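# Examination of the molecular architecture
For reference, the chains in residue letters:
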Amino acid sequence: MEILKKVEQALYQVIDPELNVNIMDLGLVYNLKVKENNDVYIKMTLTTPGCPLHDTIVGGAEKVVEAIDGVNDVQIDLVWLPQWSPDKMSKKAKEMLMS
Amino acid sequence: MKPHFSQTKINVKLPFSFILFGLIAFIFSQWIFFQNASQLAEGYFRTPELWMAFHLLILGWAVMIAMGAMYQMVPVTFLTPIWSEKFGFIQFGVTATGILSLSFLLGFHPAEAVYGGAITIIGICMFILQMFMTIKKQKEKNMMTWLVFSALLFFLLTLLAGFVLAWNIANGQILNHQSIFHSHLVFGITGWFTLLIFGFSYKLVPMFSLSHGFSMKWSMKAFLLYILGLLALIFTFWIKMSILQPIGWAVLFLAFTLFLLDMREILAKRSKKRLDRPFLFAIIALHLGWFIHFLVVVVSIWATSNVALWSLLIYLYLMMWIIFSILGYLYKIVPVLWWTLKYADKVGKEKIPLIKDLINEKASFILYIGFFIGTLGVAFSTLYQSLLLIQLFQGLLVLTSFVYSVFIAKVMTK
């Protein structure tokens, strides 16, 4: 399996422990790139700036990707623009939160 | 590239030190109230034993919990690292010593309470310095910054007035004791606590409800009006024109109403349909706070000189607005803190529990009902001076406080 797919799958394992929804379904990951030397670049955000769990969530994303065989280095770019909004969530995440 | 905010990580032992101290002080304060129920029944609120209980409740519980929560919340919500963690631990030691000695001396040697008060003041001044130095470094100031900054200023004023009061008790040389006492109360419970809860609610309410797209359109007006109301009220205490007091209280009520409008808009725009019970309790406390502000306006117009009624209102204000808000938010904050300490490094490595798995949320519902009934029961049985009922309801509060503290402490075993 190509590394990009593996990275995507791994990020589904990173759960926001307060919401119990993974960061992919929450729509927190804006961009994923794998460079030629297998460095991984992740552009992501959080549901709100100043979330007490921000280190945990970003650190978790970094760890799961680093653990993938073949990944060289992980670069995480945390951005606040465009601002996260509920419409970035998957249907599954919306259903979980609205139930 | 590591994310820039990793500097905002705090050693969670620091907030936990304050929180654990607060929980123990909470149980003891309620126990002392229970032991001295007869004084409550007779309407003698300014006795050494009750001073001790009030200071353990307000300083030992509410202030220490607020400080612990701020050590956790300020770095992450202001995206600014704490000025000095080491200074924070020293500040904890000094403040804890000060509060214990002040409460003890008020209870057993009131004439020497000024010494305990002096240590407490040093500890709290250290905290205020810590927070001012931290906030100073914040790059982009926002509404929360101004609310928290103003809360800290009022905290400082509370200290000064409290120190003058303690000096007065010891030496009896300063006139205007009543004006200083009323200013001390308003600076502390209305200025410091209310502005602080306003400030953090603008962060916590959207965060716990996953709300987006809200305007906060009333926040600046609510802030300015609340400050104006406080200043007007203090002014009336010193010019001794109680006839003007309703104006000050009415402005405070109006400001609270605007704040509540913002909170309701935030909740209306939430993505999380089912709110956690502890958070819901904090939201109920916001509404109770608004209602108590309304009651104060009414009493200030029609029953200015009814001391028993004012004592009842102060008690309700303290318990149902400030303490209930803390009880609600704390039940959410402690599991987050503990989870961060114990499980943050295990994310992505092994299966770990969710935050909600660390706390007994169902039991919180029963506890909050216990707090509600206990507080209302004590308030009204004090008004009717029924010793038996006071003992019954205060007993309920002792039991509920103890079980609540045990549940919070149990988080740290998971």
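Let me begin by describing the structure that accompanies this report. The structure presented is a predicted model; accordingly, all values stated were derived computationally and were not measured. (Residues numbered from 1 in each chain as written. Chains lettered and ligands numbered in written order. Predicted model: local features only at pLDDT ≥ 70, side-chain atom pairs only at ≥ 80, totals over all residues. Heavy atoms only, no water.)

### So, the overall build of chain A
Across its full length, chain A holds three helices and five strands. Here the C-alpha radius of gyration of chain A, 13 Å, is about what a compact globule of 99 residues would show, namely 13 Å. Along the longest, intermediate and shortest principal axes, the C-alpha atoms of chain A span 40 × 25 × 20 Å. Evaluated residue by residue, chain A yields a buried proportion of 55% over its 99 residues. Within chain A, counting contacts between residues at least 6 apart in sequence, those at least 24 apart form 61% of the total. Element-wise, carbon and sulfur atoms account for 48% of the exposed surface of chain A, whose accessible area totals about 4,600 Å². Where the 10 positive side-chain charges of chain A centre and where its 15 negative ones centre are 6 Å apart. (Helix = DSSP H or I, 4+ residues; strand = E, 2+ residues; numbered from the N terminus. Rg over C-alpha atoms; globule rule 2.2 N^0.38 Å. Buried < 20%, exposed > 50% of the residue type's maximum accessible area, 1.4 Å probe, protein only. Contact = heavy atoms within 4.5 Å. Areas by Shrake-Rupley, 256 points an atom, 1.4 Å probe, with all protein chains shown as cover. Lys, Arg positive; Asp, Glu negative; His and termini not counted. Charge placed at Lys NZ, Arg CZ, Asp CG, Glu CD.)

### Quick look at the packing of aromatic side chains
All names here are of chain B. With the rule as written, the count across this model stands at 34 aromatic pairs over all chains. Considering the side-chain rings of phenylalanine 18 and phenylalanine 92, the 5.0 Å spacing of their centres and the 75° angle between planes classify their relative orientation as edge-to-face. On the criterion of sequence distance, the pair formed by phenylalanine 18 in helix 1 (residues 13-35) and phenylalanine 92 in helix 4 (residues 85-108) is long-range, its members being 74 residues apart. Note on phenylalanine 18: relative accessible area 0%, which makes it buried. Pairing phenylalanine 253 with tryptophan 290 gives two aromatic rings, centres 5.5 Å apart and planes at 35°, and the pair type is tilted. Placement of the pair is phenylalanine 253 in helix 9 (residues 245-268) and tryptophan 290 in helix 10 (residues 277-302), with a sequence separation of 37 residues. Phenylalanine 253 gets classed as buried once you look at its relative accessible area, which sits at 19%. Overall, the relative accessible area of 27% leaves tryptophan 290 in the partly exposed class. (Phe/Tyr/Trp six-rings, centres within 6.5 Å; stacked < 30°, edge-to-face > 60°.)

### Things to note about the pattern of salt bridges
A side chain of one charge can pair with a side chain of the opposite charge if their charged atoms are brought near each other. All chains considered together, the criterion is met by nine salt bridges over all chains. Note that aspartate 357 of chain B and lysine 356 of chain B form a salt bridge whose closest N and O atoms lie 4.0 Å from each other. Through salt bridges that share partners, Glu18 of chain A together with Lys272, Arg274, Asp276, Lys332 and Glu361 of chain B make up one connected network. (Salt bridge = Lys/Arg side-chain N within 4 Å of Asp/Glu carboxyl O.)

### With respect to the interface of chain B and chain A
With 33 residues of chain B in contact, the opposing surface of chain A contributes 33 residues. The junction of chain B with chain A conceals about 3,000 Å² of combined surface from both sides, 64% of it contributed by carbon and sulfur atoms. Close ionic contact of lysine 272 of chain B with glutamate 18 of chain A constitutes a salt bridge, the shortest N to O distance being 3.5 Å. Run the count over chain B and chain A and you get six residue pairs in polar contact (both at pLDDT 80 or more). (Buried area = accessible area lost by both parts, 1.4 Å probe. Polar contact = N/O pair within 3.5 Å; in protein donor to acceptor, adjacent residues only side chain to side chain.)

### Focus on the environment of leucine 28 of chain A
Residue and element names in this part refer to chain A. Mapped onto the secondary structure, leucine 28 falls in the loop between strand 2 (21-22) and strand 3 (29-34). Note: C-alpha distance between leucine 28 and aspartate 73 (45 residues apart in sequence) is 20 Å. Apart from residues no more than four positions distant in its own chain, leucine 28 is found in contact with Ile23, Lys43, Met44, Thr45, Leu46, Thr47 and Trp84.

### Considerations on empty space enclosed by the protein
Residue and element names in this part refer to chain B. For the coordinates displayed, the defined rule picks out two cavities of 30 Å³ or more. Taken as a whole, the largest cavity encloses approximately 220 Å³ of empty space. Lining the largest cavity are 16 residues, with Ala66, Ala69, Leu196, Ile326 and Tyr329 positioned closest to its centre. Elements represented by at least two residues in the lining of the largest cavity include exactly helix 3 (48-77), helix 7 (177-209) and helix 11 (307-343). Here the element with the most residues in the lining of the largest cavity is helix 11; it accounts for six residues. Partitioning the lining of the largest cavity into residue classes produces 15 nonpolar, one polar and no charged. (1 Å grid on protein atoms, 1.4 Å probe; cavity = no way out; pocket = protein on both sides within 12 Å on 5 of 7 lines; lining within 4 Å. Points joined across faces, edges and corners; volume = space filled by probe spheres on them. Nonpolar A, V, L, I, M, F, W, Y, C, P; charged D, E, K, R; others polar.)

### Comments concerning unusual backbone geometry
Proline 82 of chain A follows leucine 81 of chain A through a cis peptide bond whose omega is 0°. Backbone geometry at leucine 79 of chain B places phi at a positive 50°, although glycine is not the residue there. Checked against the element boundaries, leucine 79 of chain B lands in the loop between helix 3 and helix 4. Given a relative accessible area of 33%, leucine 79 of chain B falls into the partly exposed group. Residues other than glycine seldom take positive phi values, yet glutamine 385 of chain B does so here, at roughly 55°. Following the sequence through the fold, glutamine 385 of chain B ends up in the loop between helix 12 (361-383) and helix 13 (387-411).

### A word on the packing of helix 1 of chain B against helix 3 of chain B
Between two packed helices, the angle of one axis relative to the other and the distance separating the axes together describe the packing. Residues and elements named next belong to chain B. Interhelical geometry of helix 1 versus helix 3 gives an angle of 160° and a closest axis separation of 8 Å. Classified by the angle between their axes, helix 1 and helix 3 sit roughly antiparallel to one another. Seen along the crossing, helix 1 lies across helix 3 with a hand that is left-handed. When its residues are assigned to classes, the contact of helix 1 with helix 3 shows 22 nonpolar, six polar and one charged. (Axes fitted to C-alpha atoms, helices over the stretch in contact; angles between N-to-C directions. Parallel < 35°, antiparallel > 145°, perpendicular 65-115°, else oblique. Left-handed = near helix turned anticlockwise from the far one by under 90°.)

### Describing the sheet that holds strand 5 (residues 74-78) of chain A
Think of a sheet as strands paired side by side through backbone hydrogen bonds, with each pair either parallel or antiparallel. Residue and element names in this part refer to chain A. Read from one edge of the open sheet, three strands run 3-4-5, paired in mixed fashion. Unpaired on one side and paired on the other, strand 3 and strand 5 mark the two borders of the sheet. Direction aside, the axes of adjacent strands within the sheet are offset by 15° on average. Bridging between strand 3 and strand 4 (residues 40-44) involves five bridges; their strand directions are antiparallel. Residue pairing across strands places valine 29 opposite methionine 44, the latter belonging to strand 4. Seen against the sheet, helix 1 (residues 3-11) touches strand 3 and strand 4 and runs at an angle of roughly 145° to strand 3. Helix-sheet contacts for helix 2 (residues 54-66) involve strand 4 and strand 5, and the interaxial angle to strand 5 is about 155°. (Pairing = 2+ DSSP bridges.)

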